[in-house]
There are 2 protein chains.
Amino acid sequence: MGHTASYYWKGKDITTVFFTSVPFGMTSDEQMAWLYYDEGMKLQEKVYSKFNVYSFPGGNTGVQMGGWFRKEIKTVDDLKGLKMRIPGLAGEVFAKLGVNVTNIAPGELYTSLDRGTIDALEWVGPGMDIKMGFHKIAPYYYAGWHEPASDMQFLINKAEFDKLSPQYKAVLKAAMQTVSADMLADNFDASAKAWEQMKAEFPNIKVMIFPEEVLKAMKKANDEVMAGYAAQNPEFKEVYDSQQAYIKKAREWSKMSTQYYLQTTEMVEQK
Amino acid sequence: MGHTASYYWKGKDITTVFFTSVPFGMTSDEQMAWLYYDEGMKLQEKVYSKFNVYSFPGGNTGVQMGGWFRKEIKTVDDLKGLKMRIPGLAGEVFAKLGVNVTNIAPGELYTSLDRGTIDALEWVGPGMDIKMGFHKIAPYYYAGWHEPASDMQFLINKAEFDKLSPQYKAVLKAAMQTVSADMLADNFDASAKAWEQMKAEFPNIKVMIFPEEVLKAMKKANDEVMAGYAAQNPEFKEVYDSQQAYIKKAREWSKMSTQYYLQTTEMVEQK
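Residues numbered from 1 in each chain as written. Chains lettered and ligands numbered in written order. Predicted model: local features only at pLDDT ≥ 70, side-chain atom pairs only at ≥ 80, totals over all residues. Heavy atoms only, no water.

Peer 1: What is the right way to look at the overall build of chain A in this model?
Peer 2: Scanning chain A for helices and strands turns up nine helices and nine strands. Rg of the C-alpha trace for chain A: 19 Å, near the compact-globule value of 18 Å for 271 residues, within the 12% margin. Its C-alpha atoms give chain A principal-axis dimensions of about 55 × 45 × 40 Å. Of all 271 residues assigned to chain A, the portion counted as buried reaches 56%. If you take every contact in chain A between residues at least 6 apart in sequence, the share linking residues at least 24 apart comes to 76%. Here chain A displays about 11200 Å² of accessible surface, and carbon together with sulfur accounts for 53% of that area. Here chain A carries 31 positive and 34 negative side-chain charges, and the mean point of each set is 2 Å from the other. (Helix = DSSP H or I, 4+ residues; strand = E, 2+ residues; numbered from the N terminus. Rg over C-alpha atoms; globule rule 2.2 N^0.38 Å. Buried < 20%, exposed > 50% of the residue type's maximum accessible area, 1.4 Å probe, protein only. Contact = heavy atoms within 4.5 Å. Areas by Shrake-Rupley, 256 points an atom, 1.4 Å probe, with all protein chains shown as cover. Lys, Arg positive; Asp, Glu negative; His and termini not counted. Charge placed at Lys NZ, Arg CZ, Asp CG, Glu CD.)

Peer 1: What should I look at first to understand the sheet that holds strand S8 (residues 151-157) of chain B in this one?
Peer 2: Paired through backbone hydrogen bonds, the strands of a sheet run either parallel or antiparallel to each other. All names here are of chain B. If you walk across this open sheet you meet the three strands as S1-S8-S2, and the pairing is antiparallel. Edge positions in the sheet fall to strand S1 (2-4) and strand S2 (53-60), since each has one partner strand and no second. Going from strand to strand, the sheet's axes swing by 25° on average, the running direction of each strand aside. Set on the sheet, helix H1 (residues 28-37) makes contact with S2 and S8; between it and S2 the angle comes to about 155°. Sheet strands touched by helix H7 (residues 166-201): S2 and S8. Its angle to S2, the strand with the most contacts, is close to 30°. (Pairing = 2+ DSSP bridges. Axes fitted to C-alpha atoms, helices over the stretch in contact; angles between N-to-C directions.)

Peer 1: What should I look at first to understand the domain arrangement of chain A in this one?
Peer 2: Accessible area lost during the coming together of the parts is what is often quoted as the interface size. Residues and elements named next belong to chain A. When cut into domains, chain A gives domain 1 (2-61 + 147-201 + 233-269) and domain 2 (67-142). The centre of domain 1, based on its C-alpha atoms, is set 24 Å off from the matching centre of domain 2. At the junction of the two partners, domain 1 supplies 11 residues and domain 2 supplies 13 residues. Contact with domain 2 buries surface across domain 1, with Lys10, Pro23 and Met198 losing the most and accounting together for 45% of the total. Connecting domain 1 to domain 2 are one salt bridge. Here lysine 10 makes a salt bridge to glutamate 92, at a shortest N to O gap of 3.2 Å. (Domains from an automatic or database assignment. Buried area = accessible area lost by both parts, 1.4 Å probe. Salt bridge = Lys/Arg side-chain N within 4 Å of Asp/Glu carboxyl O.)

Peer 1: Looking at this structure, I do not really get the pattern of salt bridges. What am I missing?
Peer 2: Oppositely charged side chains are able to pair whenever their charged atoms sit close together. Per the counting criterion, the structure on display carries 40 salt bridges over all chains. A salt bridge links aspartate 223 of chain A to lysine 219 of chain A; the shortest N-O distance between them is 3.1 Å. Remark: lysine 219 of chain A and aspartate 223 of chain A occur in helix H8 (residues 212-232); sequence separation between them is four residues, near one turn of the helix. Here lysine 255 of chain A and glutamate 266 of chain B are joined by a salt bridge, their closest N and O atoms 3.3 Å apart. Taken as a pair, lysine 255 of chain A in helix H9 (residues 234-269) and glutamate 266 of chain B in helix H9 (residues 234-269) lie in two separate chains rather than in one. With a relative accessible area of 27%, lysine 255 of chain A lands in the partly exposed category.

Peer 1: Mind showing me how you'd approach the packing of helix H1 (residues 28-37) of chain A against helix H2 (residues 40-49) of chain A here?
Peer 2: In a packed pair of helices, the relevant descriptors are the angle between the two axes and the axis-to-axis distance. Residue and element names in this part refer to chain A. At a minimum axis distance of 4 Å, the contact between H1 and H2 shows a crossing angle of 70°. Viewed along their axes, H1 and H2 adopt a mutual orientation that is roughly perpendicular. Touching Trp34, Leu35 and Tyr36 of H1 are Gly40, Met41, Leu43 and Gln44, all from H2. Counted by class, the contact of H1 with H2 contains five nonpolar, two polar and no charged residues. (Parallel < 35°, antiparallel > 145°, perpendicular 65-115°, else oblique. Nonpolar A, V, L, I, M, F, W, Y, C, P; charged D, E, K, R; others polar.)

Peer 1: Would you mind showing me how to read helix H2 (residues 40-49) of chain B here?
Peer 2: Residue pairs three or four apart in sequence face the same way in an α-helix, which turns once every 3.6 residues. Residues and elements named next belong to chain B. For H2, the set of buried residues is Gly40, Leu43, Gln44, Val47 and Tyr48. An end-on view of H2 places all buried positions within 125° of arc, on one side of the element. Elements in contact with the buried residues of H2: H1, S2, S8 and H9. (Arc of directions from axis to C-beta.)

Peer 1: Would you take a moment to explain the relation of the copies chain B and chain A for this structure?
Peer 2: The operation relating the two chain copies consists of a rotation about an axis and a shift along that axis. Structural alignment of chain B on chain A gives an RMSD of 0.0 Å, achieved by rotating through 180° and translating 0.0 Å along the axis. Here the symmetry operator amounts to a two-fold rotation axis. Taking the C-alpha atom as reference, chain B places threonine 178 of chain B closest to the rotation axis, 2.4 Å from it. Taken together, the interface assignments show that 100% of the residues at the interface of chain B recur at the interface of chain A, consistent with an identical surface on both copies. (Least-squares fit on C-alpha atoms with pLDDT ≥ 70 in both.)

Peer 1: When you look at the interface of chain B and chain A in this model, what are you seeing that I'm missing?
Peer 2: Each partner contributes residues to the interface: chain B has 63 residues there, and chain A has 63 residues. Broken down residue by residue, the surface that chain B buries against chain A is led by Phe188, Trp253 and Tyr261 of chain B, which jointly contribute 14%. Taken together, chain B and chain A are joined by 10 salt bridges. Between the two partners, chain B and chain A, sit 23 residue pairs in polar contact (both at pLDDT 80 or more). For the side of chain B that touches chain A, the elements supplying multiple residues, two or more each, are H1, H7, helix H8 (212-232) and H9 of chain B. A per-class count over the side of chain B that touches chain A returns 30 nonpolar, 15 polar and 18 charged. (Polar contact = N/O pair within 3.5 Å; in protein donor to acceptor, adjacent residues only side chain to side chain.)

Peer 1: Teacher, can you tell me more about the environment of valine 76 of chain B here?
Peer 2: Residues and elements named next belong to chain B. Looking at the secondary structure, you find valine 76 in the loop between strand S3 (67-69) and strand S4 (83-85). On the accessibility criterion, valine 76 (15% relative accessible area) is buried. It is 21 Å that separates the C-alpha atoms of valine 76 and glycine 25, two residues lying 51 residues apart in sequence. Apart from the residues within four sequence positions on either side, valine 76 is in contact with Glu213, Val214 and Ala217.

Peer 1: Looking at this structure, how should I read the side chain of serine 191 of chain A?
Peer 2: Inspection of the secondary structure assignment puts serine 191 of chain A in helix H7 (residues 166-201). Residues within four places of serine 191 of chain A in sequence aside, it is in contact with Gly125, Pro126 and Gly127 of chain A together with Trp253 of chain B.

Peer 1: Is there a simple way to explain the nonpolar core in this structure?
Peer 2: Phe69, Phe94, Trp145, Phe210 and Met218 of chain B are the most contacted members of the largest nonpolar core, which has 74 residues in total. Here this core spans two domains, since at least three of its residues come from each of domain 1 (2-61 + 147-201 + 233-269) and domain 2 (67-142) of chain A. If sequence neighbours within four positions are ignored, methionine 218 of chain B has contacts with Phe24, Val93, Phe94, Leu97, Trp145 and Phe210 of chain B. Formed by 72 residues, the second largest nonpolar core is a distinct cluster that contains Val99 and Val225 of chain A together with Met65 and Trp195 of chain B. (Core = buried A, V, L, I, M, F, W, Y, C linked by side-chain atoms within 4.5 Å.)

Peer 1: For this particular structure, what's the right way to read the sheet that holds strand S9 (residues 206-208) of chain A?
Peer 2: All names here are of chain A. Strand order in the open sheet made by the six strands is S5-S4-S6-S3-S7-S9, with mixed pairing throughout. With one partner strand each, in any of the chains shown, strand S5 (100-102) and S9 form the two edges of the open sheet. Inspection of the sheet shows strand S7 (residues 140-142) paired to S9 by three bridges, in the parallel sense. Within S9, the position partnered with tyrosine 142 by the bridge is methionine 208.

Peer 1: Looking at this model, I keep getting lost on the environment of methionine 65 of chain A. Mind explaining?
Peer 2: With respect to the helices, strands and loops of the structure, methionine 65 of chain A is situated in the loop between strand S2 (53-60) and strand S3 (67-69). Here methionine 65 of chain A falls in the buried class, since its relative accessible area comes to 1%. Expressed as a C-alpha distance, the spacing of methionine 65 of chain A and valine 124 of chain A, which sit 59 residues apart in the sequence, is 6.1 Å. Excluding its chain neighbours within four sequence positions, the residues that come into contact with methionine 65 of chain A are Glu122, Val124, Gly125, Pro126, Tyr141, Tyr142, Ala143, Gly144 and His146 of chain A together with Trp253 and Met256 of chain B.

And the structure:
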């Protein structure tokens, strides 16, 4: 039994990305609902069955931050030639916008950012980022757009799982679902506490939203990247279409429930 | 073993309300993190131990909608004399603002709203509301403020639970946590799908946010209600203070993660 993230198998099968997180994709509420109550787990089984394994949801980081930047991004032009560590589909999107996308070993990231070898990088969120120390050297912390609900995965040998009794299968599935829910709560708590600490120690850090022009350019580039894969790969298209159809209805509900609630409570707190 | 919601025990012990949801309280992400990784479950055990039971989290509805209104609420004055079915602390808050708060049996709610015996009511959210039919007769559906993450509960006899082996206790706790996560995903999916259906059949329904003036009046009234209970009851004050301290840091993270993500994706979708 393995524990990793589905999008690390992107080189073997690009469709695996959907079971972690994709740019402008689902929040954790939306993803959990799609996986467990819509087509998600059925499609996940289809994609993984050709490798003779089952993949089950195995924890979630929630929304990942868009990364640490040494300079403010005001226009799409500010992205041109910017050196950034950002892997995966988000890297492909940024590359289309002229970013010089690079990969650097985790142990060298701090030094690379500090010395200006790179201008920006993304990691996870406050809970994990605080250990890396990026907040000491990059004052702009951009809100996320590229991994809104990164899901981990449990991988199980198909033949071995199929041998289990129905009762043991049910126990194992419940245990994996517990771990998954637990990691989301753990990560949320760690990020809330780490951010409080970062902000207290480095009050100069600014939490930023990318400007509307930049976000729209990212969205356009992302739609092109996704359409490119969908045109070559019918299975990729099938899962992409399923997620897009689900987001269409789920996002309406996220907006009228969570988004409006958070916006209205912000309104009453304002001085 | 019982399954219900903690705030139904409000008449026995007012502090039980915090383990379901309180007005202007936590979202489900925040509440899960507080319960499992901060002081929540420890305080829940303290409050319930005097009744010789354990209470464990047992499912969550996510954000509940603020209710169905036949008339638009434009000012605080529009609340004066309004007849509304809304129970619990939210009812106490509305009563302070001049609402004529009333309780009506579920089976009579539709007729009461249709005939104008009441002007407004709150129930849960689209997934549950659709079965009640309120969307056929009340065009304004207000976003929530009063139950941002209503948690269900499992109640277990303390003496019986304490007799279980450590292994069985762990299995039971994991099973309850699985049910809890599962209900959140189920409810999210049901609300997304029910809302899509309501909107298609009744395109005249407007999703509304209460005006800033009204929200600020509700918040002020709510702070007074909570301060009143806290002044009389040290245990209420202890749990309230713990939640308020947690919200202070958790909300910052909710804002920079989920809220900003939803707002930015809304920006790129705009025509």
